[in-house]
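Tertiary structure, described
Residue strings, one per chain:
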Amino acid sequence: MTNPLSRREALAVMSAATATLANAAAAAAEQTAAADEAEGGCVLIAQAVEGPFYFDPKLERADITEGRPGAALDLVLTIIESGPCTPIASARVDIWHADASGMYSGYARQGPTGDVSTKGETFLRGTQLTGADGRVKFQTIFPGWYPGRTPHIHIKILLDARTLVTAQIYFHGLLSQRIYGEREPYISRGQSADTTNAADGIFRAAGGEGGGVVLAISGIGDVLTGTLVIAVDRSGQAASSGWGGWLRQKFWRP
């Protein structure tokens, strides 16, 4: 016959059970909050500088890799209108980002000493039009890093030739560290990104309590899938107040 628990033992068991439940609830809440944040929502995405590396190669395509090596990434974006939160069909979505070595296509004066040119190339750039559900899907690779910036992907969304947003989207820091520390060709560079999300001024200035918007990432085999819901101002007024192309126009030419 099992001896009954003493009052002290019973209290200890109850306390441990309560702590376990509380921890589980807190973990679940944290995971839910992180997922909500990562997946975006019906809040305007912050405008960001276009940067020096944008041009339109007029390539409407889903696969933008052009054979560039790196961790495969399927990027699934859903474009909605802030306010009614309804999908926007026939919106043009441009994306562009650096390759595994931190280089953009189409520009000279890159690399640690500024002697690398990719002029005439169009890798990791592309355009798609959203369907009735507001979605587009790009096949690309996990972007490489370059000095002074946290890993990111640039995005520009237009509707009827009207720019709705120029923005940047980001990754969780631990994922970036794992990719750069374990996968080729990233690991060949010998170090992870020199700038974290928290240290990146553009990330920090992107509105919201946590800074820039971070992709929700899942993995099936060797392919990562990044998903994000992006809310925009359909009128384009939010974009008209930005200074998106100033840096490129002043300092860089393709």
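Here, the structure is the one placed above.
Everything in this summary refers to the structure shown in the same document.

Here is what the cut-offs are and how they apply
Residues numbered from 1 in each chain as written. Predicted model: local features only at pLDDT ≥ 70, side-chain atom pairs only at ≥ 80, totals over all residues. Heavy atoms only, no water. Helix = DSSP H or I, 4+ residues; strand = E, 2+ residues; numbered from the N terminus. Buried < 20%, exposed > 50% of the residue type's maximum accessible area, 1.4 Å probe, protein only. Contact = heavy atoms within 4.5 Å. Areas by Shrake-Rupley, 256 points an atom, 1.4 Å probe, with all protein chains shown as cover. Pairing = 2+ DSSP bridges. Axes fitted to C-alpha atoms, helices over the stretch in contact; angles between N-to-C directions. Polar contact = N/O pair within 3.5 Å; in protein donor to acceptor, adjacent residues only side chain to side chain. Core = buried A, V, L, I, M, F, W, Y, C linked by side-chain atoms within 4.5 Å. Disulfide = S-S within 2.5 Å.

**Thoughts on the overall build of the chain**
Within the chain one finds five helices and nine strands. Secondary structure elements in the chain, listed N-terminal to C-terminal, are α-β-β-β-β-β-β-β-α-α-β-β-α-α. For the chain, with 254 residues in total, the buried portion stands at 41%. Once local pairs closer than 6 in sequence are excluded, the contacts in the chain between residues at least 24 apart make up 76%. Carbon together with sulfur atoms contributes 56% to the accessible area of the chain, which is approximately 13,100 Å² in total.

**A closer look at the sheet that holds strand β3 (residues 92–96)**
On the basis of which strands lie adjacent, the open sheet formed by four strands has the order β4-β3-β6-β7 and antiparallel pairing. With partners counted over all chains shown, the strands left at the sheet margins are β4 (125–129) and β7 (162–170), one partner each. Here the strands of the sheet are splayed against their neighbours by 20° on average, with no regard to which way each runs. Looking at chain direction, β3 and strand β6 (residues 152–159) are connected through five bridges and run antiparallel. When the bridges of β6 are listed, isoleucine 95 appears paired with isoleucine 155.

**A short note on the side chain of glutamine 168**
One can find glutamine 168 in strand β7. Judged by relative accessible area, which is 4%, glutamine 168 ranks as buried. Here arginine 149 takes part through its side chain, which lies 2.8 Å from a polar atom of the side chain of glutamine 168. Within the structure, the side chain of glutamine 168 is placed 3.3 Å from the side chain of tyrosine 170, a separation counted as a polar contact.

**Overview of the side chain of threonine 195**
Topologically, threonine 195 is positioned in the loop between α2 (173–182) and α3 (201–204). You can call threonine 195 buried: its relative accessible area is 10%. Side chain to side chain, threonine 195 and aspartate 194 meet in a polar contact 2.9 Å long. If near-sequence neighbours (up to four positions away) are discounted, threonine 195 is found in contact with Gly148, Arg149, Thr150, Pro151 and Asp200.

**Quick notes on the pairing of β3**
With respect to burial, β3 is a largely interior element, four of its five residues being buried. By the bridge criterion, five bridges tie β3 to β4 in an arrangement that is antiparallel. Bridging across to β4, valine 93 finds its partner in glutamine 128.

**So, the nonpolar core**
In terms of nonpolar packing, the biggest core is built from 38 residues, with Leu77, Val93, Ile95, Phe142, Ile157, Ile169 and Ile230 touching the most fellow members. Elements with a contribution of two residues or more to this core: β2 (72–81), β3, β5 (135–141), β6, β7, α2 and β9 (223–232). In this structure phenylalanine 142 touches Ala71, Leu73, Phe171, Leu175, Ser176, Ile179, Tyr180, Tyr186 and Leu224, once residues within four positions along its chain are discounted. Within the second largest apolar cluster, seven residues are counted, among which are Phe53, Trp96, Tyr104 and Tyr107.

**Quick notes on the environment of alanine 48**
Relative to the assigned elements, alanine 48 resides in the loop between β1 (40–44) and β2. Here alanine 48 falls in the buried class, since its relative accessible area comes to 18%. Along the sequence, alanine 48 and isoleucine 202 sit 154 residues apart, while their C-alpha atoms lie 7.3 Å from each other.

**What to know about the state of the cysteines**
In total, this model carries one disulfide according to the counting rule given. Paired by a disulfide, cysteine 42 and cysteine 85 hold their sulfur atoms 1.9 Å apart. Across the disulfide from cysteine 42 to cysteine 85, rotation about the S-S bond amounts to roughly -105°, and the bridge is consequently left-handed. Here cysteine 85 lies in the loop between β2 and β3 and cysteine 42 lies in strand β1, a separation of 43 residues in the sequence. Judged by relative accessible area, cysteine 42 falls into the partly exposed class, the value being 28%. According to the relative accessible area criterion, cysteine 85 is partly exposed, its value standing at 35%.

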